[in-house]
Amino acid sequence: MDFSFTEEQTQIRDLSRQIMADNCGDDFQMAYRKSQIKDGTVRYSRPTWKLLAESGLLGTAIPEALGGSGFGLIELCQMLEEQGRHVAPVPLLPALVYGGLTLAKFGSKAQQEKFLPKLASGEVLLTAAVAEESMSKAIRAECTAKEVSGKWQLNGLRVAVPYAAESAAILVCAQTAKGKVIFVVEPQQGMSYEFTNSGNHEPLYSVSFKDAQAELLGTVEQGETILNFILNNGAVACAATMVGIAEESTRRTAAFTSERKQFETTIASFQNTTMKMADCYIDIEALRSSYYEAMWKLAEGKPCDADVKVAKYWASMAGHRVTHTCQHLHGGIGADVEYPLHRYYLWFKQMDLTMGGGTKQLADLGVLIAKDNSINLLKNLA
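A brief report on the enclosed structure follows. Note that this is a predicted model, so its numbers are computed, not measured.

### A short note on unusual backbone geometry
For residues that are not glycine, phi is negative in most cases, and the peptide bond is trans in most cases.
Then, number 1: Here valine 87, not a glycine, exhibits a phi torsion of approximately 35 degrees, which is positive.
Then, number 2: Here valine 87 is to be found in the loop between helix 4 (73-86) and helix 5 (92-106).
Then, number 3: For tyrosine 163, which is not glycine, the phi dihedral falls at a positive 55 degrees.
Then, number 4: In this structure, tyrosine 163 sits in the loop between strand 3 (151-162) and strand 4 (169-176).

### Here's the deal with the pairing of strand 7 (residues 204-216)
Then, number 1: The sheet contact formed by strand 3 and strand 7 spans nine bridges and is antiparallel. If you follow valine 161 over to strand 7, its bridge partner there is tyrosine 205.
Then, number 2: Here strand 5 (residues 179-185) runs beside strand 7; their pairing, made up of two bridges, is antiparallel. Its bridge partner being in strand 7, valine 184 is matched across the sheet by glutamate 215.
Then, number 3: Across six bridges, strand 6 (residues 191-196) lies against strand 7 in antiparallel orientation. Of the residues in strand 7, the one forming a bridge with serine 192 is serine 208.

### Looking at the pattern of salt bridges
Then, number 1: Enumeration according to the criterion identifies 20 salt bridges in this entry.
Then, number 2: One salt bridge connects glutamate 82 with arginine 85, and the closest N-O pair in it is separated by 2.7 Å. Of this pair, glutamate 82 and arginine 85 both sit in helix 4, three residues apart, roughly one helical turn.
Then, number 3: The buried category is assigned to glutamate 82, whose relative accessible area is 0%.
Then, number 4: On the basis of relative accessible area, arginine 85 is assigned to the buried category, the value being 13%.
Then, number 5: Overlapping salt bridges, with partners in common, bring together Arg17, Glu81, Glu82, Arg85, Glu247, Glu285 and Arg288 in one network.

### Some words on the environment of leucine 125
Then, number 1: Tracing the backbone shows leucine 125 in the loop between helix 6 (109-120) and strand 1 (126-129).
Then, number 2: Aside from chain neighbours lying at most four places away, what touches leucine 125 is Tyr44, Trp49, Pro91, Tyr163, Glu166, Ser167, Ala168 and Ala169.

### Notes on the nonpolar core
Then, number 1: Membership of the largest hydrophobic core comes to 77 residues, with the highest contact counts inside it found for Trp49, Leu52, Leu92, Val236 and Tyr291.
Then, number 2: With 14 residues, helix 7 (residues 223-259) is the largest single contributor of residues to this core.
Then, number 3: Excluding residues within four positions of it along the chain, tryptophan 49 makes contact with Tyr44, Leu58, Val90, Pro91, Leu92, Ala95, Gly122 and Leu125.
Then, number 4: Core analysis: the second largest hydrophobic core is formed by 20 residues, Phe183, Val207, Phe209 and Ala214 among them.

### Some thoughts on the packing of helix 9 (residues 305-329) against helix 10 (residues 341-353)
Then, number 1: Contact geometry of helix 9 with helix 10 gives a least axis separation of 10 Å together with a crossing angle of 160 degrees. In terms of orientation, helix 9 and helix 10 fall into the roughly antiparallel class. Pair helix 9 / helix 10 crosses with left-handed handedness. Taken together, the residues of helix 10 that come into contact with helix 9 (itself represented by Lys312, Ala315, Ser316, Gly319, His320, Thr323, His324, Cys326 and Gln327) are Leu341, His342, Tyr345, Phe348, Lys349, Met351 and Asp352.
Then, number 2: A class-by-class count of the residues in the contact of helix 9 with helix 10 yields six nonpolar, seven polar and three charged.

Definitions and cut-offs
Residues numbered from 1 in each chain as written. Predicted model: local features only at pLDDT ≥ 70, side-chain atom pairs only at ≥ 80, totals over all residues. Heavy atoms only, no water. Helix = DSSP H or I, 4+ residues; strand = E, 2+ residues; numbered from the N terminus. Pairing = 2+ DSSP bridges. Salt bridge = Lys/Arg side-chain N within 4 Å of Asp/Glu carboxyl O. Buried < 20%, exposed > 50% of the residue type's maximum accessible area, 1.4 Å probe, protein only. Contact = heavy atoms within 4.5 Å. Core = buried A, V, L, I, M, F, W, Y, C linked by side-chain atoms within 4.5 Å. Axes fitted to C-alpha atoms, helices over the stretch in contact; angles between N-to-C directions. Parallel < 35°, antiparallel > 145°, perpendicular 65-115°, else oblique. Left-handed = near helix turned anticlockwise from the far one by under 90°. Nonpolar A, V, L, I, M, F, W, Y, C, P; charged D, E, K, R; others polar.

Just distances and angles here, no functional claims.
As structure tokens, this is what we get:
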């Protein structure tokens, strides 16, 4: 079985790594965070975003006819792994996965021509308002859509929408009489934004709609299909980022414990440290295996709802063990905001919550098992 990537995929990964390593190093991260605090309106690294656009990486999953490279999810995941390794403050997940990948598959010709070329060139951002799908039904905000004189109007609230105020359009999930439907909504009167800072300082917004004009994405009947597409691709993309975070946390911890001395010897030589680092390696490999399977099936259009949830479960649970262990082995210095490691833990926890954590994935897997008993796990239940 060949798990290697193609030459093009490897080149995308290497180019992403070079750009992020050169522009999102530890010194940059410290200066960037201070500028965020001082300015209050710095939401992402625009110079890095511009370099990604100039290199053609923002157009990775955009059709060639619209200024992109015509690739897909696997190639985007190469970029997202590198983002995790460098905790680069750029909106790859909402803009390229939630927005770009979805519009490239389900958008009308007019919608694609309006947004995708500008996304590839870095001129605009896209995002999606789907965070409620990972929340308990008891606390979900409500957003409804109705058709008035042939046009759709949205009313209600969507929360935790990444980069909403910075985006040229939001893909909004709204409830209709025929079920959940996805709409393309551009900034307008009838929309208001409330900013919320997040664990990794990615901007999140609560977006209110009052008779806001919306354009249907796909058809009403495709609503659940498009929503599932966004959720599955988003979960796998989260897992890709979490692989990068976990690997870099482990690499940094291995280097630190090889230099840090206690009792006149490096702590890497202690058996307890060695065992913990070995467990990190095993967890990362398990995370990677489940994520690769889900990514491949999703990219090939194979049934993979359960595989995606397994991948996100492993990313959340195994990734938590890894990042927690790395934080622990650094001692107090790991929590010092002047030291780089804390960013990886904060980024991981934010990605863990995005698209639902381990408990949510297990609950969803239980629902899938209850619906499909093809392996007779529930044969004795009537």
